Amino acid sequence: MSVDLRTRVDGEQASVEASQFFRETLPGLLDVHHGLIAPGASELALPNFCIETEGESWTLAWSGDRVSVEPGHGGEARVRLSAQQLDDIVNDQSTPIALMSNNLLDMPEGSLPDFLNWWLVLRAALDARRIHASGDVTLDGEGHRSFSLDDSDETMRAFLEEYGYLHIRGLFSEEEMAAVEADFPVAAPHFEKGDPQAWFATTQDDTEHLVRMEGFDRYSQASIDLIDQARFQRIGGIPGIGHDQSSRKPGTRVGALSKPIGVVKGISDVPWHKDCSLGRHSYECCNLTVGISVTGADADSGQLRVLAGSHRALIWPAPCVQPGLDLEPVDLPTRTGDVTVHLSCTQHMSQPPVKKTRKVLYTGFGQQPADPEAADLQRRRLHDVRKKTHTSVSQEPGYLGED
Ligand SMILES: [Fe+2]
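Sequence order sets the numbering: in each chain, residues are counted from 1 along the sequence as written. Totals for whole chains, interfaces and linings use all residues, but because this is a predicted model, local features are given only for residues with pLDDT of at least 70 and pairs of side-chain atoms are given and counted only at 80 or more. Side-chain measures here rest on the full set of heavy atoms in the structure, leaving out hydrogens and waters.

### Quick word on the state of the cysteines
- When two cysteine sulfur atoms are found within 2.5 Å, that pair is recorded as a disulfide. This structure, assessed with the given rule, holds 0 disulfides.
- We note that C285 lacks a disulfide partner, and the nearest cysteine sulfur, in C276, lies 3.7 Å from it.
- Buried means the residue's accessible area, taken with a 1.4 Å probe over protein chains only, is under 20% of the maximum for its type, while exposed means over 50%, and partly exposed covers the values in between. Since its relative accessible area comes to 1%, C285 is described here as buried.
- C286 provides the cysteine sulfur closest to C345, a residue in no disulfide bond, and the two sulfurs are 3.5 Å apart.

### Some remarks on the nonpolar core
- Put simply, a nonpolar core is a bunch of buried Ala, Val, Leu, Ile, Met, Phe, Trp, Tyr and Cys residues held in one set by side-chain atoms that sit within 4.5 Å of each other. L166, I168, V180, F216, F232, I235 and L361 are the most contacted members of the largest nonpolar core, which totals 48 residues.
- Contacts between residues were defined by any pair of non-hydrogen atoms, one from each residue, lying within 4.5 Å. The contacts of F216, once residues within four sequence positions are left out, are V180, D183, F184, A187, S223, V254, G255, A256 and L361.
- The next biggest cluster of nonpolar side chains, apart from the first, holds 44 residues, and it includes A41, V90, L314 and W316.

### Quick word on the packing of aromatic side chains
- Put simply, two rings from Phe, Tyr or Trp (the six-membered ring, in Trp's case) pair if the centres are within 6.5 Å, and we call them stacked under 30 degrees between planes, edge-to-face over 60, tilted for the rest. Throughout the structure, instances matching the rule amount to 12 aromatic pairs.
- Taking the centre distance of 5.3 Å and the plane angle of 90° together, the rings of F159 and Y165 count as edge-to-face. This pair shows no difference in class: F159 is buried, exactly as Y165 is.
- Aromatic side chains Y163 and Y165 sit 6.2 Å apart centroid to centroid with 85° between the ring planes, which places their arrangement in the edge-to-face category. In this structure, Y163 and Y165 share a single accessibility class: buried.
- One aromatic cluster is present, built from ring pairs that chain together F147, F159, Y163 and Y165.
- The ring of Y283 has R280 sitting right over it, with the charged end atom 4.9 Å from the ring centre.
- The cationic tip of K359 hangs over the ring face of F184; the distance from NZ or CZ to the ring centre is 5.7 Å. In this scheme, Lys NZ or Arg CZ marks a charge over a ring once it lies within 6 Å of the ring centre and within 35 degrees of the ring normal.

### A few points about the packing of helix α1 (residues 18-32) against helix α5 (residues 112-127)
- One way to put it is that α1 packs onto α5 with a least axis distance of 8 Å and a crossing angle of 80°. Classified by the angle their axes make, α1 and α5 are roughly perpendicular. Where α1 approaches α5, its residues F21, L26, L29 and L30 are matched on the opposing element by V121, L122, A125 and L126.
- Each residue gets one label: Ala, Val, Leu, Ile, Met, Phe, Trp, Tyr, Cys and Pro are nonpolar, Asp, Glu, Lys and Arg are charged, and the others, such as Gly, are polar. Residues belonging to the contact of α1 with α5 are distributed by class as follows: 8 nonpolar, no polar and no charged. Where helices are involved, their axes are fitted lines through C-alpha atoms of the stretch in contact, as for all axes, and angles between N-to-C directions lie from 0 to 180°. Helix numbering and strand numbering both begin at the N terminus, where a helix is a DSSP run of H or I of at least 4 residues and a strand a DSSP run of E of at least 2. When an angle is under 35 degrees it counts as roughly parallel; over 145 it counts as roughly antiparallel; between 65 and 115 it counts as roughly perpendicular; any other value is oblique.

As structure tokens, this is what we get:
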């Protein structure tokens, strides 16, 4: 079971002409992939859903165990998309979550859950991927566990493929983490309000805190020295399919997070999401995201939580655990010097700290795209839309995002 889930290549995707798409392409794909759609869709609320684009409307309806597509507006829920937004949704460059988190979601009737449920149907038809149905994802291994440097790559690979995450204990020492922590105040003055590399959040006492420094490696030789070491680079080899850090240019390799208690505005702890929740799953997944615990973390101090096995499930990619989902959240408490690894489409959240602040570095490994230039072009095009995401999504202190 490889964690290479890519099915699309940038530069090879045809642009979408709405009329032809709704009249011919989509109905054909819905038919062909009926078996991938029906079991999961029958567990979803699917009110008639109208997509309006460039002055025309089409309505998707779920009846019996089939989806029909009819011209006109017969929807209980309705979304308005520009031609570019429709193209990006169809070609998996964007998602309803990307529209929502950038304040671009235009739904005069119905709301995000309606769009997300229908988005699952669209993805199944367009990507030939089965919508998750209860019981689809089973975890056959020995259950949640952590690893040490003495465990083999093969053992960790098997767990990663099945569960979608790893917790590796004691990769770094307390002294090494203290050296990195000492660089936080050195780097901080270089990050100002308005810099897209700097995230700020306000706490209950109305104090504004610098909570995330993207490109921390520009100011922290200690962090570069650690991630360049063989014991760390080994992580890229665990999936066995050529993950490396080549797409992370110097100065963009490490993000440093400092999580205060009681954030009420802005974001330092991201609610439940897959890292592909804004789009591009079928071009890039699975990347590996690695968190280095500069300070330890638990339920009181900003630990990571993951939905085990969710990388194998076509489900809502955010902003909460899909209602009724049969996958269990797992807490990942860590000690100073531990690392967590998760796949980009393993759903995860960081739990807002309530007693102790937390510091953590994030970096990651990816696979080389088939057409790096085309991939870079798309990433840069989307960057402008996405760069405000962190200012528009927030969660209450102590929020767990489960129903
Ligand atoms: Fe994430």
